Each structure stands twice: as C-alpha cells, then as structure tokens.
Number of protein chains: 2
Amino acid sequence: MRIGILGYGTVGSGLVDVIDNNKSKRDIEIVKILVKDKSKHKDKKYFDKLTTNIDDVFNNNIDVLVELIGGLNPSLEYIKRALSSKIHVVTANKDLLAEHGNELVELSNKNNVNIKFEASVGGGIPVLKPLIESLEGNSIDSIYAILNGTTNFILSKMYNESLSYDDALKQAQILGFAEANPDSDVLGYDAARKLSILSTLAYNNRVYWKDLYLEGITDIDAKDMEYAKQLNCKIKLVGQSRYEDDVVSASVRPVLVGNESILAMVDNEFNIVVVNGDSVGELSFVGKGAGKLATGSAVYSDLLDILDNRSASINSFTKSRVKVNKIVKNKCSALLRFKDCQKDEIIHVIKECMQNYDILNDDDDELAIMVHANSEYEINNSLCVIKDKGYCVGVNKLLKIS
Amino acid sequence: MRIGILGYGTVGSGLVDVIDNNKSKRDIEIVKILVKDKSKHKDKKYFDKLTTNIDDVFNNNIDVLVELIGGLNPSLEYIKRALSSKIHVVTANKDLLAEHGNELVELSNKNNVNIKFEASVGGGIPVLKPLIESLEGNSIDSIYAILNGTTNFILSKMYNESLSYDDALKQAQILGFAEANPDSDVLGYDAARKLSILSTLAYNNRVYWKDLYLEGITDIDAKDMEYAKQLNCKIKLVGQSRYEDDVVSASVRPVLVGNESILAMVDNEFNIVVVNGDSVGELSFVGKGAGKLATGSAVYSDLLDILDNRSASINSFTKSRVKVNKIVKNKCSALLRFKDCQKDEIIHVIKECMQNYDILNDDDDELAIMVHANSEYEINNSLCVIKDKGYCVGVNKLLKIS
C-alpha cells in the first residue's frame, strides 16, 4: 500500500516509527512526505521522500493520504482533493472533523473510499473503532470524558503540587504538553471538538461542536483546588453528553469529581472515555491522550483497516445537525464562590432556593458554599436573584458530577 | 444473514434481544436455536425456531453458527462441523478457545471462514478486537486483568461488607453471579483460560492455560481482608502476564493491589484489562464482565464483523506452545501469614533473607509480616528454610502488585 503523508511533526514522526517497527509484517510504503521547509527535517528518516509541493504527493499513485498538518487550511482542500480522486484518507485532525465532518463523510461515500480518524479523539486509545463497530448493537445514552491532555496535566499539577495556574501552564509548555498559544486547549475548544465527534458517532445525530456549552480552565485557581480537597474531590475538565428523548445535551467544563470516581484516577496526559450503552452498561477506556508514538499507533491502526479492507459506516456525520441542550436537568451540586459580597443576604437567598447547602468558607475575603439542587436551572435562578439584588460583584460556579 | 444459535440460556437470550433491538437496521435472521429440552423455553421468543436436533441447524443453509452452549462437548464437535462446512463461527466459549484454539483457528483458515470470540474474554468489554486490530502496530509487553466477575463479586463483598467467603459465595449464587458448582470460577480456571487467550493474541505466541501459575480465592479469609485494609490495599484475583526476552510469564492468583491502583476501582461483576504496548503505553478497558445483554452485545458485534466482511488474523493461536514462567522475577512484596509457629525464629530468618519487612500482627494466634524482596524466589527460599526447620505448620502468601 502506497501512502503520502502531509506533515512531519510529532505525530508524523511517530507514525513513521510505527510503520518502520512493523516493516517485516506489513507492506506500507511511504511514497512522499509533504513539509513546509525541508531544511527543518534534515536529521529525520526518509529525507529523500520529502517534498514541499502537494502535487508531488498526488502525482505518485498513492492509495492513502495521511493528513497530519492539523487545522482547517490547507488540510480541508487536500483531503477533499484526495477523496475526490478516490484516495482513502486517514487523519488525526479533530478540528476538521468537528467543523467539516459532514461534507467529508459525504464526499468519501460518494467516491466509495474511506476517511478514518481514530487518532482525532483520545490519542492512542482505541475508542472510535470500538464505539462504531463493537457497540453498534447498543443505544448509547451518555458519555463522560477527559479528552484534553494539556488541561489535565495543568489541573493535575495544580492539585498534586499546589502550583498556580500560570506555573502549571509554563511547566506544560516546557515539557511539550502545551503549545506556545494554549488557547485551543485551555479554553476547552479541543475537548469540545472531540466530544462532538464522539457524540455524533454515539447518538447517530450530528452534534456540532459550537453548539456545546463550553467553559475553559483559565479561571480555576489555587483556592478551587483547596475546596476540592476539602470536598474529597478533584477538578477535571470533563466533556459530558447525554441523549434522552431525542435530545442531546452536551458540555465541556471544569467540574468537581469525587475521588472515588474513575475520572479522578486519570491524571496528567492521560485521557478517559466512559460510555453508557443500553446493553453493555458502563464501559471505560483509559490511556494516553497524546504523544508521538501513542498517536502514531492510532493512525497506523487506521491504515491497517484500509489495508485489510475493513470498513464501517460513519454516516451519523451526514445527519442533520441536532439541537443541543446546555443545561444539566438532573439533580446537581455546585461549589459557589462569591467575592466582594453581602454574605448574610446571599445565605438567605440560598436557604430559600436550594434543597440543601454547606458553607465551606465565610472568611473575610469570600463566601464559598456547596449547594445541592434539583437542577442547574435552580442554581442559576438563585444566582440571578443574588446578582439582581446586588449582593455580590462576581461569582464562580463549579458543578460536581457523580 | 442466516444464523443458527446453539444454546438458549442467559447469553443466548441476551443475543436474541440485541438482535431484535437492532432489527430495523441490520438483517440478521435467526433460523434455528438448538436446545436440550424445548419445554423449558415455552415462554421465550422464537419458540417456533427451537429444535433439539443439531442436523436441523446445519440443514437450514446458515451463514453463521453461534455457539453458546459452553464447555468442551459437544461444542467442539459442532464448531468443527461448522468450520468444515464453510460456515462462520461466533462463540463465547473460553474453555474451548483456551483448550482447542489452535486447531479451530487452523480449521477456519483452511476453510476460509471466520471464528470470532469477543465475548469469551471480558464479557461486554470490547477488548479482543482492539487488541487484535487497533494495537497491531504495538509490541505488547504486559497484561494485568481482573477477568472473573464471580470472584470479583465475592472479594468485593468480603472487603466492603465484611462477609465471610462462604456467605459472599452464597450471595453470589443467589444473585446469579456464581454457579451451583463454582469451582471453575473460584479456583481461577476461568480467569486462567481468559488470560491465556489474551496473552496468545498479545504476544503472538500460543500460551496454553494449563501452563500458567494458578491459585484460586478459596483460602482468602476475613483476616486477609483486615490486613489488606491495614495496608491500604484491596484483594483481587488478578491475571497477569509478561513477555520479555522471548519468554512469557503468567499467573492467576489473588493479590494485594494498592487503593490508588486502577485495579482497585473495579468492584463486583466488573472486569478490567490493562495492556502495555511499546507505542501506545498503558491502556485500560473497564466494563461488565458478564451479564445477559452485555455478553449478548459482544456476540452481536462479532456477527456484524462477519456481516460487514471485516476480518483480522488470529494466527497466534496456531503458533507453537511457548514455555511459561510462573515466578515473579522483579522486586516484589508479599503478605506472609504463619499459623502455629515459632515467631522469633521466623522473624530471625526473615531478617536474614529479606531486604525489608514490617510486622503487621504477632498476636497469639498468628504472625503476619509484609516482606519486600528482590524477587519471588527470595521469598520462596526463606519460606523453605522456615518450613524445613519446622518453625511453622502452615503459611499463606499473598503477593502485592504495584
């Protein structure tokens, strides 16, 4: 099988290593590797295959295009060109799938070729293939997941080593777990895109990532971590979605998770995906969400599926875009932190509106209350009352999931 | 696709339900169901498809035989007959795979049909397919797993509710988690068979289940649970295997696992499989290890693979049987409990032989010591010395894994 690779960064190098490790067993020939600047790759293997000209890749009779550039442009154009030319596509590009999955899957169907993207969610964890193929007989009704290694690394460092957000981010950048511009990770975009891909496949409805409730981790501070410890919890950036009565609800936000929960066990660059199926019950997949070889291994598995002629329908991407609910309707608890506030008045409102509450801190500088309510609406309503009456200037809300 | 089902017990009924749930999407026609006694199934669906005559199944032009009788006979004969007649086989039968996997896979290759067995390991958890297909690019070097729901249920009850072994077993039997004759589960045979299947697929070498070190849970008592709690551990029946320098080592035995370990999170009827690949790192799969619909879902996924023409090589079953090491060569810790013993003399021997030790209990009735050694050999050697000198009548040893 002849492949062309676009991009020769971390994942590209990892894929090349995995292909080489398995050379004796599997005949996958690297024909061309597209790079921006050949001089930057002088010490790498396959230097003679490097090209800066995309036509060079397409004019060499390849069976599969492996897109590892990332981002929307020019990836979208190259992938469309491949599919239209009846060349299979393997990609790790969650941005592209989340944004243009529908047209790409349609185009692949039309041309009777595959587009595969195991590495786009959960890095090295085999999760899309089990979800699509092994769980097809199930109606999936919920997903809980830690999908972003960068933020999980930062939150783990803040919790375990009491680092500030800024120091944890710096360490993540030094270790290569965070980009120079970390926005896409820390603001939750990356996790939202991945959750939308999972939810689309799980619920057989197209879930568009921008329709999710989205909140990043940039406001989490040392004090949140202290409260979390006091509550026997950790703080994780969790993507969760549900499918109930034909309605999808979905969010990506930092939440408190009890230490007894499997989500709390997943630290640093590890990811977890928990799905709940009507037949299979609760299933969890845990592993490295990023990394050169881990992601390379996932891309490689897609290549083998094409080589071995194994395919499965991913037509849920072509379904019409569903309405997405952003609010938790079930019973829920939340940590509320009020700054510059009239404490007694706030407690009075809370007492009137909530089922139950515990005051964690009413020191001079802030009031922290754990509230237990019948739904997130209830919590939001009482916060509205408190703000309307001018009892506080700012409030932070951190849901707890169980 | 026309299928014949052998056996209409828990898993068979579960499969039929999953097929029916997906009837609108997938055309799988149940042609015949073989049972021993039709009168026992009067209230079930598809009563008109029941037969007590195996020829009735084979003479109806089926594409797939689904074997859910269990045990070696007559399953082996029926499956061979199917494969020889170029009929695909799906089975949940770990006993058969562990014992006759080699000849069955050879026979399926010869006749160019599939034999698939996702449900044989880990119940509803998709683990064999990810291992065979998604991780093919990896060299797997170790597996840790809780593979038997019955024993995990019993050990969870003993730990969490301080039940005796006998009471926990009785409860498992009442709830349907244990058979009237629980030997195959509690003595570890079931877990050993599953571990041998996983190890065969992971290491590309045939690992025969009888070659594993095997120890059941029947000697675990309330006192063990107390010590475990004292050590901040749980006790789990863990199957573990390694592949190092072309040698496989493998065991199924009750062990102490630290509460911070992911294995400790897996309680009751849940199973976990942790594999370590050179590219992907540590991957964990957690889910229900048994149950009507969970297992039905796994069997159903095999049917879809056949229906969609997806196949993968499982030729490691046809490899020659490897030597299996039964001893832990790495550093290890163990809880030693000596009954009717000369305590001072034993402590003297331990002090001379071990790196390190902690006395947990030296009350009248027993001496309990946690020892830390360079290998299991070291521990066994000192136990030999102690027994040879007549310092004790009996000793229980419980390794700790980390």
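Residues numbered from 1 in each chain as written. Chains lettered and ligands numbered in written order. Predicted model: local features only at pLDDT ≥ 70, side-chain atom pairs only at ≥ 80, totals over all residues.

Once that is clear, we can look at the overall build of chain A. When you go through chain A residue by residue, the secondary structure sums to 13 helices and 17 strands. Taking 402 residues into account, the globule formula puts the C-alpha radius of gyration at 21 Å, and chain A, at 23 Å, falls close to it. For chain A, the spread of C-alpha atoms along the principal axes amounts to about 75 × 45 × 35 Å. Burial statistics for chain A: of 402 residues in total, 53% are counted as buried. (Helix = DSSP H or I, 4+ residues; strand = E, 2+ residues; numbered from the N terminus. Rg over C-alpha atoms; globule rule 2.2 N^0.38 Å. Buried ≥ 20, exposed ≤ 12 C-beta atoms within 10 Å, placed from the backbone.)

In this assembly, 37 residues from chain A lie in contact with 37 residues from chain B. Residue assignment for the side of chain A that touches chain B shows that the elements contributing at least two residues are helix H1 (10–21), helix H5 (128–134), strand E12 (281–288) and helix H11 (292–307) of chain A. Among the elements that take part in the side of chain A that touches chain B, E12 of chain A stands out by supplying 8 residues, more than any other. When the residues that make up the side of chain A that touches chain B are grouped by side-chain class, the tally is 16 nonpolar, 14 polar and 7 charged. Two strands pair when backbone bridges link them, and E12 of chain A and strand E12 (residues 281–288) of chain B are joined in this way by 3 bridges, in the antiparallel orientation. Within E12 of chain B, the residue paired with Ser 284 of chain A across the bridge is Val 286 of chain B. (Contact = placed C-beta atoms within 7 Å. Nonpolar A, V, L, I, M, F, W, Y, C, P; charged D, E, K, R; others polar. Pairing = 2+ DSSP bridges.)

Turning our eyes to something else, we now look at the sheet that holds strand E4 (residues 64–67) of chain A. Residue and element names in this part refer to chain A. As summarised here, the arrangement of the 6 strands in space is E3-E2-E1-E4-E5-E6, forming an open sheet in which the pairing is parallel. Every interior strand has two partners, whereas the edge strands, strand E3 (50–51) and strand E6 (115–116), have only one. Bridge count between E4 and strand E5 (residues 88–91): 4 bridges; the pairing is parallel. Paired with Val 64 across the strands is His 88, a residue of E5. The strands that H11 touches are strand E1 (2–6), E4, E5 and E6; relative to E5, the one it contacts most, it runs at about 160°. (Axes fitted to C-alpha atoms, helices over the stretch in contact; angles between N-to-C directions.)

Turning next to the domain arrangement of chain A. When the domains of chain A are assigned, the result is domain 1 (2–120), domain 2 (128–289) and domain 3 (332–401). With centres defined by C-alpha atoms, the gap from domain 1 of chain A to domain 3 of chain A works out at 51 Å. (Domains from an automatic or database assignment.)

Let us look at the packing of helix H4 (residues 94–110) of chain A against helix H9 (residues 189–203) of chain A. Residues and elements named next belong to chain A. Contact pair H4 / H9: the axes reach a minimum separation of 9 Å and the direction vectors enclose 55°. Of the possible angle classes, the one that applies to H4 and H9 is oblique. Relative to H9, the crossing made by H4 is left-handed. Contact residues: H4 offers Lys 94, Asp 95, Leu 97, Ala 98 and Gly 101, while H9 offers Asp 190, Arg 193, Lys 194, Ser 196, Ile 197 and Thr 200. Per-class residue counts for the contact of H4 with H9 are 3 nonpolar, 3 polar and 5 charged. (Parallel < 35°, antiparallel > 145°, perpendicular 65-115°, else oblique. Left-handed = near helix turned anticlockwise from the far one by under 90°.)

The next subject is the pairing of strand E9 (residues 233–244) of chain B. All names here are of chain B. For E9, the buried fraction is high: 11 of the 12 residues fall into the buried class. Relative to E9, strand E7 (residues 140–146) runs antiparallel, the two sharing 4 bridges. The residue of E9 that forms the bridge with Ala 145 is Gly 239. Taken together, the 12 bridges between E9 and strand E10 (residues 247–258) define a ladder with antiparallel strand orientation. Looking across to E10, one finds that Lys 236 is bridged to Val 255. Taking the residues that link successive antiparallel strands as the turn, the E9-E10 hairpin has 2 residues, and the phi of Asp 245 there is positive, at about 50°.

In this section: the relation of the copies chain A and chain B. Overlaying chain A with chain B gives an RMSD of 0.0 Å, the required rotation being 180° about an axis along which the chain moves by 0.0 Å. The transformation just described matches what one would write down for a two-fold rotation axis. Comparing interface residues between copies, 100% of those in chain A also lie at the interface in chain B; the contact surface is shared. (Least-squares fit on C-alpha atoms with pLDDT ≥ 70 in both.)

Counting 271 residues, the largest nonpolar core has Ala 145 of chain A together with Ala 145 of chain B as the members making the most contacts within it. Filtering out sequence-adjacent residues up to four positions away, Ala 145 of chain A remains in contact with Leu 195, Leu 198, Val 238, Gly 239, Ile 272, Val 273 and Val 274 of chain A. (Core = buried A, V, L, I, M, F, W, Y, C linked by C-beta atoms within 7 Å.)

Another point: the environment of Phe 270 of chain B. Residues and elements named next belong to chain B. Among the structural elements, Phe 270 can be located in strand E11 (residues 270–277). On a C-alpha basis, the gap between Phe 270 and Tyr 377 in space is 32 Å, while along the polypeptide they are 107 residues apart. If sequence neighbours within four positions are ignored, Phe 270 has contacts with Asn 152, Val 286, Gly 287, Lys 288 and Gly 289.

So, on to the confidence of the model for chain A. This prediction gives chain A a mean pLDDT of 96; 100% of its residues lie at or above 70. Both scores are available for the predicted complex, with the pTM at 0.96 and the ipTM at 0.96. (pLDDT = per-residue confidence, 0-100.)

Further remarks concern the sheet that holds strand E3 (residues 50–51) of chain B. Residue and element names in this part refer to chain B. Ordered by their spatial adjacency, 6 strands build an open sheet running E3-E2-E1-E4-E5-E6, and the pairing between neighbours is parallel. Only two strands of the sheet have a single partner each, and these edge strands are E3 and strand E6 (115–116). By the bridge criterion, 4 bridges tie strand E1 (residues 2–6) to strand E4 (residues 64–67) in an arrangement that is parallel. For Leu 6, the partnering residue across the bridge sits in E4 and is Glu 67. The sheet strands contacting helix H11 (residues 292–307) are E1, E4, strand E5 (88–91) and E6, and the helix crosses E5 at an angle near 160°.

All names here are of chain B. With 13 residues, helix H6 (residues 149–161) ought to run about 18 Å at 1.5 Å a step, and its terminal C-alpha atoms sit 17 Å apart, in line with that. Here H6 lies mainly inside the structure; 11 of its 13 residues are buried. Taken together, the buried positions of H6 are occupied by Gly 149, Thr 150, Thr 151, Asn 152, Phe 153, Ile 154, Leu 155, Ser 156, Lys 157, Met 158 and Tyr 159. Immediately beyond the C-terminal end of H6, within one or two residues, lies Ser 162, with a positive phi of roughly 55°. (Expected span 1.5 Å × (residues − 1).)

Residues and elements named next belong to chain A. In this structure, Pro 74 follows Asn 73 across a cis peptide bond, with omega equal to 5°. Tracing the backbone shows Pro 74 in the loop between E4 and helix H3 (75–84). The phi dihedral of Asn 112 is positive, around 60°, even though this residue is not glycine. Residue placement: Asn 112 occurs in the loop between H4 and E6. Assessed through the 9 C-beta atoms surrounding it within 10 Å, Asn 112 is described here as exposed. A positive phi angle, near 55°, is found at Asn 204, a position not held by glycine. Take Asn 204: there are 16 C-beta atoms within 10 Å of it, and that puts it in the partly exposed class.

Residue and element names in this part refer to chain A. One can describe the packing of helix H12 (residues 343–353) onto helix H13 (residues 376–388) by two numbers: an axis separation of 10 Å at closest approach and a directional angle of 150°. Crossing handedness for the pair H12 and H13: right-handed. On the side of H12, the interface is formed by Ile 346, Val 349, Ile 350 and Cys 353, while H13 contributes Glu 378, Asn 381, Ser 382, Val 385 and Ile 386. Residue classes in the contact of H12 with H13 are distributed as 6 nonpolar, 2 polar and 1 charged.

Glancing now at the environment of Ser 75 of chain B. All names here are of chain B. Residue position: Ser 75 is located in helix H3 (residues 75–84). When the C-alpha positions of Ser 75 and Lys 236 are compared, they lie 31 Å apart, and in sequence the two are 161 residues distant. If sequence neighbours within four positions are ignored, Ser 75 has contacts with Glu 67, Ile 69, Gly 70, Asn 93 and Leu 96.

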